[in-house]
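What the coordinates show
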Amino acid sequence: MITKENEGITYLDPDMKEKEYPQHTLNGKTCFDAESCFLLNRKQNLHKDEKIDDTLLSYLNTCKREIIMEIPLRKDDGTLLPVKAYRVQHNNARGPFKGGIRYHQAVDLAEVRKMANLMTWKTALVDIPFGGAKGGVAVNPKELSVHEIRRLTKALVAHLGNNIGPHIDIPAPDVNTNPQIMAWIFDEYSKGHLESSPLAVVTGKPVELNGCQGRLEATGRGVAIMLRELAKLKNLDLSELKVAIQGFGNVGYYAAKIISEELGAKVVGVSNAVGAIYNADGIDVEAAKAYEHEHKDYFIGFPGAEELENRDDLLVCDCDVLIPAALANAITADVAKQTNAKIIIEAANGPTTPEANAILYDKGVFIIPSILANAGGVIVSYFEWTQNLQQYYWEYERIISELDKRMVKAFWDVVDVMEEHSIEARQAAYFIALEKVAAAALLRGF
Ligand code: NAD
């Protein structure tokens, strides 16, 4: 196991001149991630506190600790499979590190760093007392048996040792991980940690194991709340909106369900890793989910919609709202040029490439950035953590209502800053988050 302290992603260059802004930031008019948003904030003199200087920004944009593991997985057939795994802890100025664990064959250190960085700004933006972290295991879980996934998960926890804990770093579900996997994480951790609250080491657990009601739907519900609030801001009639959703897993499915059932908007297209379907009159989300489940992820033959020739055609289908809810970098420059969506809600983490971001900015597309759009999951994870620590459990209605309140507040906080400084939503979201993290870091004497 290698632990690296204070080594991480790129540093800001204090000598960077305006003319040197990368082309895809449109010469400093827009931004696409923490670093480019910080540059833009500084250029526009948005930060009143002089202590928020380039050195502090560079520190805050750097991962604090990176753990790289090689986990030996004994397969059911007796062979040995070495599996690479990562846990990157980006920042804990405002509280314990917090972030999901992803099981995916394409996971690498660079991706986990980016995702850990996003978590710090997300938890700050929605004002929950956590920092940011992310975990990734470079494996395709679809090629493993359930026993192999259990052994791998428990070995991961053993390798992480005291680097996770209820007041240190608290994992949660992400792509291809679910409540069952969170239950195994809790179980393995609890064996070596008999303190009073080992349950709070991980969130997203099954409700039967002191998980939180509403956690499963929380991220998708947060995405739907964003659409509802944006409709209020822009005076849009929800029943007139055509919504397309890339990714039909935890986040995409619940977003689709709540958007169609509770907001009354039309979900016209959905896709998964295997295929995509479209119906301009709207898709019955429950029927599509049941069909997908029954046909092992294939939509072929689904009676309620036509199957698109290409899975990625979904990204450029006729719609008003496009919701990427799968993996990073789905919205490429080509997609940005072709889409006729006026609104993009980034349910996935980092789904828009820098080049696409600049094109969408030029086209006047309203983007709700991932640190805001998908914060519902970590908000309800926070509720789960507090309930586990207090051993006092809330009812579903209270959880949903508190989630709603926090998402609404974060949305309108971003709108206020957008309007005050005439900046786009992403820059405003990073501006708010950075001020909070910087204040905590400075007060702590970093
Ligand atoms: P998931 O594993 O439950 O679902 C992922 C979905 O994306 C699946 O339907 C899969 O088939 C589909 N998919 C994969 N590649 C695709 C492609 N190229 N085209 C179309 N579909 C594709 O994962 P999830 O938990 O729903 O996470 C989705 C995204 O949301 C990720 O970016 C994740 O980081 C982010 N996110 C998740 C949570 C959470 O609470 N689960 C919280 C915040 C952010």
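Residues numbered from 1 in each chain as written. Predicted model: local features only at pLDDT ≥ 70, side-chain atom pairs only at ≥ 80, totals over all residues. Heavy atoms only, no water.

1. Structural notes on the nonpolar core
Going by this rule: What we call a nonpolar core is a set of buried Ala, Val, Leu, Ile, Met, Phe, Trp, Tyr and Cys residues that are connected through their side-chain atoms within 4.5 Å. When a residue's accessible area, from a 1.4 Å probe over protein chains only, is under 20% of the maximum for its type it is buried; when over 50% it is exposed; and in between it is partly exposed. We call two residues in contact when some of their heavy atoms are within 4.5 Å.
In this structure, W121, I259 and I345 are the most contacted members of the largest nonpolar core, which totals 96 residues. Those residues within four positions of I259 in sequence are excluded, and the remaining contacts are A224, L227, V243, G264, A265, V267 and I323. Listed in part, the 27 residues of the second largest apolar core include A85, L144, L160 and I181.

2. Description of the site of the ligand
Rule in force here: Any residue with a heavy atom positioned within 4 Å of a molecule or strand is treated as near that molecule or strand. Polar contacts, as used here, are pairs of N or O atoms within 3.5 Å; protein pairs need one atom able to donate a hydrogen and one able to accept it. Residues neighboring in sequence count only if both atoms are side-chain atoms. Per the convention used, a helix needs a DSSP run of H or I reaching at least four residues, while a strand needs a run of E reaching at least two, with both numbered from the N terminus.
Taken together, 23 residues surround the ligand, and among them D174, T219, A273, A326 and N349 come closest. Here an oxygen atom of the ligand sits 3.0 Å away from a polar atom, N or O, in the main chain of N176. Contact distances for the ligand include 3.0 Å between an oxygen atom and a backbone N or O atom of F248. At the level of secondary structure, the elements contributing two or more residues to the shell around the ligand comprise α6 (215-234) and α7 (250-261).

3. Brief notes about the side chain of E292
Tracing the backbone shows E292 in helix α8 (residues 285-294). Not counting chain neighbours up to four residues away, the residues in contact with E292 comprise F248, N272, D297, Y298 and F299.

4. Here we look at the sheet that holds strand β11 (residues 321-324)
The line we're drawing: For two strands to be treated as a pair, DSSP must find at least two bridges joining them.
Pairing is mixed across the open sheet formed by seven strands, whose spatial order is β10-β9-β8-β7-β11-β12-β13. This sheet does not close on itself; its edge strands, each paired only once, are β10 (306-307) and β13 (366-368).

5. What about the confidence of the model for the chain?
As a reminder of what qualifies: The predictor reports its confidence for every residue as pLDDT, a score running from 0 up to 100.
Averaged over every residue, the pLDDT of the chain is 93; residues scoring 70 or more account for 94%. This model gives residues 1-14 a pLDDT under 50, and the stretch forms 45 contacts once residues within four places in sequence are excluded.

6. Considering the packing of α6 against helix α13 (residues 396-421)
Here is the rule we go by: Lines fitted to C-alpha atoms define the axes, with helix axes restricted to the stretch in contact, and inter-axis angles between N-to-C directions lie between 0 and 180 degrees. Working definition: roughly parallel below 35 degrees, roughly antiparallel above 145 degrees, roughly perpendicular at 65 to 115 degrees, and oblique for all remaining angles. Note on convention: the crossing is left-handed when the near helix lies turned anticlockwise from the far helix by less than a right angle, right-handed when the turn is clockwise.
Closest axis-to-axis distance for the α6/α13 pair is 10 Å, and the angle between their directions is 45°. With respect to their mutual orientation, α6 and α13 come out oblique. Crossing of α6 against α13: the hand is right-handed. Contact residues: E217, A218, R221, G222, I225, M226, R228, E229, L230, K232 and L233 in α6; Y396, I400, L403, D404, M407, V408, F411, W412, V415 and E419 in α13.

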